[in-house]
Protein chains: 6
Amino acid sequence: MSGGPETDRLPQFQVYRAVAAALDEDLGQAGDITTQATIDADATATAVIMARQAGRIAGIQFAEAAFKTFDHGARFEETAGDGMLVEPGEPVARIEGNARALLTGERVALNYLCHLSGIASLTHRYMEKIAGTGAQVCCTRKTTPHLRAFEKYAVRMGGGANHRFTLSDAILIKDNHIAAAGGIGEAIARARAYAGHMIKIEVEVDSLDQLDQALKHEIDAVLLDNMDAATLAKAVKRAKGHAILEASGGVNLETVRAIAESGVDLISIGALTHSAPTLDLGLDWS
Amino acid sequence: MSGGPETDRLPQFQVYRAVAAALDEDLGQAGDITTQATIDADATATAVIMARQAGRIAGIQFAEAAFKTFDHGARFEETAGDGMLVEPGEPVARIEGNARALLTGERVALNYLCHLSGIASLTHRYMEKIAGTGAQVCCTRKTTPHLRAFEKYAVRMGGGANHRFTLSDAILIKDNHIAAAGGIGEAIARARAYAGHMIKIEVEVDSLDQLDQALKHEIDAVLLDNMDAATLAKAVKRAKGHAILEASGGVNLETVRAIAESGVDLISIGALTHSAPTLDLGLDWS
Amino acid sequence: MSGGPETDRLPQFQVYRAVAAALDEDLGQAGDITTQATIDADATATAVIMARQAGRIAGIQFAEAAFKTFDHGARFEETAGDGMLVEPGEPVARIEGNARALLTGERVALNYLCHLSGIASLTHRYMEKIAGTGAQVCCTRKTTPHLRAFEKYAVRMGGGANHRFTLSDAILIKDNHIAAAGGIGEAIARARAYAGHMIKIEVEVDSLDQLDQALKHEIDAVLLDNMDAATLAKAVKRAKGHAILEASGGVNLETVRAIAESGVDLISIGALTHSAPTLDLGLDWS
Amino acid sequence: MSGGPETDRLPQFQVYRAVAAALDEDLGQAGDITTQATIDADATATAVIMARQAGRIAGIQFAEAAFKTFDHGARFEETAGDGMLVEPGEPVARIEGNARALLTGERVALNYLCHLSGIASLTHRYMEKIAGTGAQVCCTRKTTPHLRAFEKYAVRMGGGANHRFTLSDAILIKDNHIAAAGGIGEAIARARAYAGHMIKIEVEVDSLDQLDQALKHEIDAVLLDNMDAATLAKAVKRAKGHAILEASGGVNLETVRAIAESGVDLISIGALTHSAPTLDLGLDWS
Amino acid sequence: MSGGPETDRLPQFQVYRAVAAALDEDLGQAGDITTQATIDADATATAVIMARQAGRIAGIQFAEAAFKTFDHGARFEETAGDGMLVEPGEPVARIEGNARALLTGERVALNYLCHLSGIASLTHRYMEKIAGTGAQVCCTRKTTPHLRAFEKYAVRMGGGANHRFTLSDAILIKDNHIAAAGGIGEAIARARAYAGHMIKIEVEVDSLDQLDQALKHEIDAVLLDNMDAATLAKAVKRAKGHAILEASGGVNLETVRAIAESGVDLISIGALTHSAPTLDLGLDWS
Amino acid sequence: MSGGPETDRLPQFQVYRAVAAALDEDLGQAGDITTQATIDADATATAVIMARQAGRIAGIQFAEAAFKTFDHGARFEETAGDGMLVEPGEPVARIEGNARALLTGERVALNYLCHLSGIASLTHRYMEKIAGTGAQVCCTRKTTPHLRAFEKYAVRMGGGANHRFTLSDAILIKDNHIAAAGGIGEAIARARAYAGHMIKIEVEVDSLDQLDQALKHEIDAVLLDNMDAATLAKAVKRAKGHAILEASGGVNLETVRAIAESGVDLISIGALTHSAPTLDLGLDWS
C-alpha cells in the first residue's frame, strides 16, 4: 500500500486499546508515584510536542490517546499530522489539560510517536534518494513483534509501500519451497492450485537463470534477491511487463539510488521497520 | 539490574504467551499459505540460526518457543545462549523438526531474537567503550511499547544495568515536579512522605547549583542531565559518596568514554532500547 | 484458497485457545454439575463420534482439543479426518479416556465439529452440482462473527475456494466506492495507487455495460452481481482471459449448475458460511 | 426465559466488546483498503438497513455498535427493534454518519444482525405453528461457539424459551449418568445431594417405563426424548402436574404442531440455534 | 451445591490460567530478583506446605499450578487434599523441584491456598456448630471480585452449599422488585413469565405477613431476612413443605445454632466469602 | 507508599476494566433476570450507599464505575470519598439514574467498595493504636490474587504504607537466600551486584546476632522477624540510623502498640490485606 495521510487513519478503538496496554506496562501497580506525590490533583498544564530533529510524523493518534486516556476533556491540537515533515524546533501538537495526565501520559505518547515517526522518517529518506526513478521502497515482515500493523502504517506515512502484512496475504515462494516442491514450476503450480483467486504469487530468485525459469510461469511478482545494480538492470530488461520486480538485499542509503535506477518497481528494506532509529521529539512545558 | 546470562532467564510461560501473540500477528487467518501449498505436512528439516554479524545474543528462548509452538517435539540446541558473543558465521542454535514448523516459525523467531540481540549488542559496545572506568550504561523508559520487560532483559544480557521498569518503581523528580512542588526541597519532602520505604528517590539536575541544592536533602541518586564531561567531573567531586550519580543526555559511542571517566556511576542511554539496529542473524537450511 | 485435507491443518495453539473459550462459555462457574454428581472422578469410558447423516468432515481438531483439555492422556483416533466424506452410521473418531472428560467435553466438541462439517458438507454439495464445469464455489465475508478463519477453512475442506478473509486482503470496488470516486476508472486508479503490489483488485458490476467499462482498466477480477445465466455467458465471452470472473447473487443448489456452465471461474455464495445447517454427528457410548 | 423486546436489552459494554473483536477479525491489519482508497475521509452518508425477507429482528444493538465504533457521533434510528416483525422492503434502522464508518462497519453490523434475526425468525415460525397449544419452543446448548448468550437472547426475541445456558445452571440427567450412577433413583439422589437448592433437576427418558421410574422421585422436569406424538400424549397424561414436560428429537416445522398438541410444556429444538439460516437484511444507500 | 472433595475438581486449564495471571501480578517485569541474584539456576530443593493452624483445605490445585508453571517436572504430592481437615503441624503437600521455581512460586501458591482454605475452614466451623440440625450454611454473591467460582468451590469444600453463582442462575425477588412490580404476586407472575423452566424462584420476606403473601404463589424458596429464631420457627411452621426456607441476616458463630434449630433448610452467610480470615499455612524448607 | 486521598486516584481506565470483568462474573449469560422481569426498562431510581458500621472508605471509584457502566448518564455524588472516615448511618454516595442500572450494578459496586474499605478500615484501626509512636503499619505481598494494586491502594487510604508490590521492586533476602548464597554477606553482595541502582535491599533476620551480621553490610532495611518487643527495642538501639527497621510476625491489635513503641519504623502485617473483614456498607433506596 502506498497511501498517505489524507487517506489513512488507524481505527481509533485499536489505538486506544494499544495505548491502554502500553500504559499498564509503564504505570506498574502504584502508578506515577512521583507525579502523585508532587503535583496537585487538579492542576492544569499546557505542553507542546516539539521536533528536535527533522523528519516525518507518524502516530499522532497514539499521543492523543495517551493523554486523553487520563483526561478525557484534554485539548489536543495537531499542528503537524501524520505524513507531514517537521524541522527541528517545529511544534507537532499542543496539549492542554490536567497536569498529572500530561506528565503521566508523556512517555507512552512519545514512545509510540517517536518510534513510528522514526520509521516514517527513514522511509522518507529512502524515498528522497530515489526520487524520480519510479521505484518505491517497501517494507517486509521484519517488524517489531506486536507492532506490525502500526509500523507498516508508518511506512505508508513515510511514502513507502507495504508488502505482505501476514503469511496469509500472498504467496512468496523461496528457495526452500522450491526445493521441497521439486522445482520452480512445480512450486508455482502447487501455489496456484492452493491459493484463492485474490492471492498474488511472488517468486524469489537469486540469479538470471532462475528468473528465466520463473518467468515461464504465470506469476505476479519476482523478488530479485541480492543482485547488484547491473544484474538487476538485466533482470528488468527480461521481466518488465511480465511481473512486478522487487529488489531486495544489500540496500542502504548509499546503494538504493543505483538499485532504483535499474528499473525495478520496488525495493524492499527490512531496516525500515527493524532498525529505524526513533525520531527525536520532546515535550516542552509552558 | 546488572545480571548476566548465568542468573537470568525469562519466565517460560510469558515467553510462550508473547510468541503466540506474535504468531497470530504473522499468520493472519489463513496461515502460511506458501508453506502449506509447497511443503508436505510430514516433511522434516534441520536449520541453523547463524550470526551474519558480530554481536551479543539475547532472546534465544523466543526462537525456541516459536518453533516448538508448532512442533512440540522439535529439538532445539543452543550453541550461543543469551549473553554470549558471536562472530559472523558462528551458529547460535540448531533446530530439527517438522519442516513446516521451521518455515512458519522462522520470522517470529528471528524478529524477537534479532531485535533483542540488537539491544544486547549495542549495550555491549557501549560497555566495551567504558571498560575499566567503573561506570555502567543503563537503560531508560524509552522502550518499544509492549516489549519493555524483554528489552530491559536484553540490556542486562549486554552487560548494562536497568533503571526503573515502571513509574511505580522509584521516584524520579524532574523540573516539572520541582516547579509544581515549589522547589527541590519541597518536592523531595513530598516524595519522601508519599513513597514507601523500599522506594529510592532520584532528582534530575541540570546545573551544579541545582546539584548543590539537591544534595542538601537525603536522596539516593542524582540524574545529571546534559552536562559536559568537565561539569560532570565537578559534580562527581561534590556528590560522590552522598548519592549515586547518573549522567544522561548527549551520549553516543564517541562521547561515552569521556563521560564515564568523569567518575559517574551510571550513564543512561535511551538509544539502547529505542534505536538499536537489529543484530543480523539468519536461518540456514541444511 | 482451494486446499484440501492433505495440505491444511489449523495451528494447534489457536484451536486449543478457541476451545478453552468455548468451554468457559459452556461450563459456567460451577462446571458440569450433573456429571460431577453422578460420575466417579476416576471412571473411564470409550465413545465414538458417529455420522448420523452423510456429509464432509471439518473441524476434527476441535473435538480432539475439547476432550484432551480435560484429559491430556485421552486417546483420540480419527477414522474420518477433515475433508473426508462420511455416510450415516460411519464413525468419525474414537475417544478413550476419563469418563467425566468425555461427558463434559462432548457438547463443545460437537458444536464445533457439526458446525464446521455443516459448512464443508454444503460446500461439497455445491461442488458436486458443478462437477466438470471448471468452476469453483467460494465463500464471502458473510461469516459468523469470531469464527471466520475456521469457517473459511471448512469451506476449503468442502472443496470450495476462499475469497478475502479481511478487508485488508484485497480491493473489492462496489457501487458506493465507484459513486464516491466519480466513476469506475477513477476508483480503480485510486485503488491501484493506494494498494500495495501484492494486492489484487476486483470490481463489482451489475450490467454488461459496466463490465465493458471495468475491462478498460487493469483489474484482476470482476464480480458479476445478480446476472442470469445468459447474461453471465455474455460476460464470460467478453472478459475471459482479461480477468477472473466471479458470479454472485441468486445462487442456490438449483441454479448453481447453470451459472457454472456460463463459464465463470468462481461462484461466491454467502450461504456457505452464514446459513449452512450443521452436519448431524453424535457421540455413541460403548 | 421467555422475555420479549420490552424487557430485554443486552448489556451495552458486552455488545461493544463483541463488536470490537468482530471488527478486528474483519479489518485485518491494513483496514478497509478499498474504502480508504476511494472514499474521502470526511464524506458523510445515509443508509438504511432494509428487510429483504419477512422475519423477526434480533441484534439491532450490534449494528448500532458497529457503526458507532467508527463514528461516535453517527445517528442510528431503529424503526424495527428487537422482537419486531418485518416484511420485505421494510426499514429496520436508518444510519447517518461518516461515509467510511458506514461502509467499513457494514459487514460486521449485518453479520450479527442477520445471524441473530435468523434465529429469532426461525423461532417465531415455530411459535406460530404451535399457536394456541400452550406449548413453547425452547433452545438447547447446541449453539455456535462464542455466541451462546447472544443466540439464546435471539431465541427469546423470537418468542421462544431458554433452556440451560451452561452446565452449571441445572441438572440434566441423561442415560450415561443413569448408567454410571446405577439407576435413575440413584442418579437423582446423587444430583439432589450435590446440587444447590436453587438448581432444578431434569431427567431424560426415552420410554414410558423410564418415565414411570423417574416420576417416583422428586424432579422438576422430564425430557421426553424421541417419542412420537401418541406416546407423548400418554406421557403427558401420566406426568402432568408432577413435572414440566419437554419433548425433544425429530422436531421440525411439519411435526411440531402434533407434538405441541400432545400437551407437553416445552419443545426443545437444537436447530433454532445451530441451523437457522440468516434473515436476509441489506444496507441501502441513499 | 454441596459436593465434596471426592466429587469436585476445578478444571485444570482454568486453574493454570488464573495462576498465570496471579504470577504476572507478583513477578512484575524483572521477575524475582532476589532469587535470581542468590539462588543458582539449577539448584533443587524440597519444601513442605505445613498447617500452622487447624482448618480445612481448599485450593491445592493452585499451589501445584504455581510451582509447576515454573518447573513442569516438579513433584507435587498432596497429603491433605481439598476438603480435608488439618491440624497445626500437619503437612498439606510436599514439593520437590527447581529451587528457584519453589521460591518464586511460593507466594502465589500460598495466597490462593490460604485464602480458599480460610473460606473452607470458616464454612466448616459453621457446619460444625449446626451439626445434627439438618440445616446447611450457604454462600451469597458477596464474593471477592474475580474469584467467585473459586470461593464458592471453597465453600463446598468446607461442607457448605452454594446459592446463585450469577444473576442469571435464579430469580431472587427483593423489596425493590416487589415495589416496582406492584406487589409480591405481580412480581412472581412477571418472573414466572420471564424465566425459563429450569429457573427457580425465591422471594425475600422480612415478616410473617409477607411470608403468608408469598406462600399464596408457586415459589421454590423463601429468603427469611433478619428474623430472630422465634420468628423463624413460626415461619418454618407455616411454610415447611411449600418452599425451601433460607434464613439470612445477623448470622454469626454464636447465633447460627439457634437459627438452625428453627428448622430452616439453609442459612446464608455473606461473611463466608467476604470476611473469612485466611488459614495460616506456610512453606517449610528442608 | 503512604499517600492519602488527596494525592491518590486509581487510573480510571483500569477501574472500568476491572469492573467490567467483575460484572461479567456476576451477570452470567442471561443477565439480571429478576430485574429484567420486574423493573421497567426506563424506570429511574435514587439510592444512597450508607455506612452500617464505622470505618474508612476506599474504592469509591469502583462503585461509580459499576453503575455508570450500565447508565452512562447516571449521577454519582460522593459524600465520603476514599480515605474518609464514616460513622454508622452516614451516607457515602448518592446515585440517581436508571433503576435497572442501579439494581444490577449494586452487588459489584458493593463487593469492591466493602472489600477495599474493609482493608482501609483495618489499616486505620492499627494506625490509631500506634498513634504518636512514629511507626507506620505496612502491607505485604499476602494479597488476594488479582487485586494487589487495589488492595495496596486501600492500605494507603487507611493511612498505612506499602511494601513491595512485586518481586521486581526490591530485594528482600530471606533465610533460604542466605543459606543458598552461603551467608548474609555473600547474599547481599550478590544482590547488590545483580540489582539496579534504584533497587533497595532488605534483609530478614530473626535474632540480634543475625542483625549484627547484616549491619556489617550496606543495606537499606532490615526485617526483624518474630521478635518480642524487648528484643525489638534492642535491635532498634543497634540499628537505628543504619537501616530502616521493619517488625513482622505476631502482630495484632493487642500487640501492635508495644511493637511500635520499640522504636521500629514499620510494622508489616499480612492480615491487612489477607484477612480484613469487609466494611458493612449497604444501598438504601428512596
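Throughout, residues of each chain are indexed from 1 in the direction in which the sequence is written. Chain A is the first chain written and ligand 1 is the first ligand written, with later ones labelled in order. Local features are withheld for residues below a pLDDT of 70 in this predicted model, meaning they are given only at 70 or higher, and side-chain atom pairs are given and counted only at 80 or more; totals for whole chains, interfaces and linings count all residues. Derived side-chain values reflect all non-hydrogen atoms in the structure, with water molecules and hydrogen atoms excluded from consideration.

### Description of the interface of chain B and chain E
Each partner contributes residues to the interface: chain B has 13 residues there, and chain E has twelve residues. One speaks of a salt bridge when a side-chain nitrogen belonging to Lys or Arg is within 4 Å of a carboxyl oxygen belonging to Asp or Glu. In this structure, the connection of chain B to chain E is made through one salt bridge. For Arg-17 of chain B, the salt bridge identified is with Asp-24 of chain E, shortest N-O distance 2.8 Å. Runs of H or I in DSSP of at least four residues are treated as helices and runs of E of at least two as strands, each being numbered from the N terminus. Within the residue set of the side of chain B that touches chain E, elements represented by two or more residues are helix H1 (12–27) and helix H5 (148–157) of chain B. Two residues qualify as a contact provided that any one of their heavy atoms is within 4.5 Å of a heavy atom in the partner residue.

### Digging into the pairing of strand E10 (residues 244–248) of chain F
All names here are of chain F. Type-normalised accessible area, obtained with a 1.4 Å probe on protein chains alone, sets the label of each residue: buried when under 20%, exposed when over 50%, and partly exposed for intermediate values. Among the five residues of E10, four are classified as buried, and the element is accordingly described as predominantly covered. Direction of pairing for strand E9 (residues 221–225) relative to E10: parallel, over a ladder of five bridges. Pairing of Ala-221 across the sheet is with Ile-244, part of E10. The handedness rule is simple: strands pointing away from the viewer, and a clockwise path from the first strand over the helix to the second, make the crossover right-handed. Chirality of the crossover, the property in question, places the unit of E9, helix H9 (residues 229–239) and E10 among those that are right-handed. What makes two strands pair is DSSP finding at least two bridges between them. Pairing of E10 with strand E11 (residues 266–268) involves three bridges; the strand directions are parallel. Its bridge partner being in E11, Glu-246 is matched across the sheet by Leu-266. Crossover E10 to E11 through helix H10 (residues 256–261) is right-handed.

### Structural notes on the confidence of the model for chain A
Residues and elements named next belong to chain A. Note on scores: pLDDT gives the predictor's confidence for each residue, bounded by 0 and 100. Counting all residues, the mean pLDDT for chain A is 95, and 98% of those residues have values of 70 or more. The low-confidence segment residues 1–5, where pLDDT is below 50, has 24 contacts with residues more than four positions distant or belonging to other chains. Reported for the predicted complex are a pTM of 0.97 and an ipTM of 0.96.

### Examining the relation of the copies chain F and chain E
Least-squares fitting of chain F to chain E yields an RMSD of 0.0 Å, with the superposition described by an axial translation of 0.0 Å and a rotation of 180°. What the rotation and shift describe, once combined, is the action of a two-fold rotation axis. Here 100% of the interface residues in chain F have copies in chain E that are interface residues too; the copies meet face to matching face. Superposing copies: least-squares fit, C-alpha atoms only, residues required to have pLDDT of at least 70 in both.

### Topic: the sheet that holds strand E6 (residues 136–138) of chain E
Sheets are built from strands paired through backbone hydrogen bonds, the pairs being either parallel or antiparallel. Residue and element names in this part refer to chain E. Strand order across the open sheet formed by six strands is E6-E11-E10-E9-E8-E7, with parallel pairing between neighbours. The open sheet terminates on both sides in strands that have one partner only, identified here as E6 and strand E7 (171–173). This sheet shows a mean twist of 25° between the axes of neighbouring strands, independent of strand direction. As paired elements, strand E8 (residues 201–205) and strand E9 (residues 221–225) share four bridges and run parallel to each other. The angle between two axes is taken between their N-to-C directions and runs from 0 to 180 degrees, where each axis is a line fitted to C-alpha atoms and a helix contributes only its stretch in contact.

### Considering the domain arrangement of chain A
All names here are of chain A. By domain assignment, chain A separates into domain 1 (12–124 + 276–285) and domain 2 (129–274). At the junction of the two partners, domain 1 supplies 19 residues and domain 2 supplies 17 residues. Joining two parts hides part of their accessible area as seen by a 1.4 Å probe, and the buried area is that hidden amount summed over both. Contact with domain 2 buries area across many residues of domain 1, yet Ile-119, Leu-122 and Thr-123 alone supply 37% of it, more than any other trio. Where domain 1 packs against domain 2, one counts zero salt bridges. By the criterion applied in these results, polar contacts are pairs of N or O atoms within 3.5 Å in which, for protein atoms, one can donate a hydrogen and the other can accept it, and in which residues neighboring in sequence qualify only through two side-chain atoms. On inspection of domain 1 and its partner domain 2, the count reaches six residue pairs in polar contact (both at pLDDT 80 or more). Domain start and stop positions are those given by an automatic or database domain assignment.

### Details of helix H1 (residues 12–27) of chain A
Residues and elements named next belong to chain A. Take the residue count of a helix, subtract one, and multiply by 1.5 Å to get its expected span. Over its 16 residues, H1 runs 22 Å from end to end, which matches the ideal 22 Å to within 8%, given 1.5 Å per residue. For H1, the set of buried residues is Phe-13, Gln-14, Val-15, Ala-18, Val-19, Ala-20, Ala-22, Leu-23, Glu-25, Asp-26 and Leu-27. Downstream of H1 by a residue or two, Gly-28 has a phi angle that is positive, lying close to 65°.

### Describing the interface of chain F and chain E
Listed per partner, the contact involves 57 residues of chain F and 58 residues of chain E. Surface buried jointly by chain F and chain E totals about 4800 Å² across both partners, of which 56% is contributed by carbon and sulfur atoms. Considering only the surface of chain F that becomes buried against chain E, Glu-25, His-146 and Leu-167 of chain F emerge as the three largest contributors, covering 15% of it. Taken together, chain F and chain E are joined by six salt bridges. Asp-26 of chain E is the salt-bridge partner of Arg-148 of chain F, the closest N and O atoms lying 2.5 Å from each other. For the pair chain F and chain E, the number of links is 40 residue pairs in polar contact (both at pLDDT 80 or more). Note that Gly is not counted as nonpolar here; it falls among the polar residues with everything else outside the nonpolar set of Ala, Val, Leu, Ile, Met, Phe, Trp, Tyr, Cys and Pro and the charged set of Asp, Glu, Lys and Arg. For the side of chain F that touches chain E, the class distribution of residues is 27 nonpolar, 20 polar and ten charged.

### Some thoughts on the relation of the copies chain B and chain E
Mapping chain B onto chain E is achieved by rotating through 120° and translating by 0.0 Å along the same axis, at an RMSD of 0.0 Å. Taken together, the turn and the small shift mark the pair as related by a three-fold rotation axis. Minimal C-alpha distance to the rotation axis in chain B is attained by Arg-17 of chain B, lying at 6.6 Å.

### Concerning unusual backbone geometry
Peptide bonds are trans in most cases, and residues, glycine excluded, mostly fall at negative phi. If you check the backbone angles, His-146 of chain A has positive phi at about 80° while not being a glycine. Inspection of the secondary structure assignment puts His-146 of chain A in the loop between strand E6 (136–138) and helix H5 (148–157).

### Some points on the pairing of strand E1 (residues 44–51) of chain F
Residues and elements named next belong to chain F. Among the eight residues that make up E1, seven are buried, leaving the element largely enclosed by the rest of the structure. Alignment of E1 against strand E5 (residues 91–98), held across seven bridges, turns out to be antiparallel. Counterpart to Val-48 in the pairing with E5 is Arg-94. Alignment of E1 against strand E12 (residues 281–285), held across five bridges, turns out to be antiparallel. What sits directly across from Met-50, in E12, is Gly-282.

### What to know about the pattern of salt bridges
A complete count under the given rule lists 73 salt bridges over all chains for this structure. For Asp-265 of chain C, the salt bridge identified is with Lys-240 of chain C, shortest N-O distance 3.3 Å. Taken together, the residues span a long stretch of sequence, with Asp-265 of chain C in the loop between helix H10 (256–261) and strand E11 (266–268) and Lys-240 of chain C in the loop between helix H9 (229–239) and strand E10 (244–248) at a distance of 25 residues. Take Asp-265 of chain C: its relative accessible area is 25%, and that puts it in the partly exposed class. A salt bridge links Arg-75 of chain D to Glu-77 of chain D, with the nearest nitrogen and oxygen atoms 2.7 Å apart. Look at Arg-75 of chain D and you get partly exposed, because its relative accessible area is 48%.

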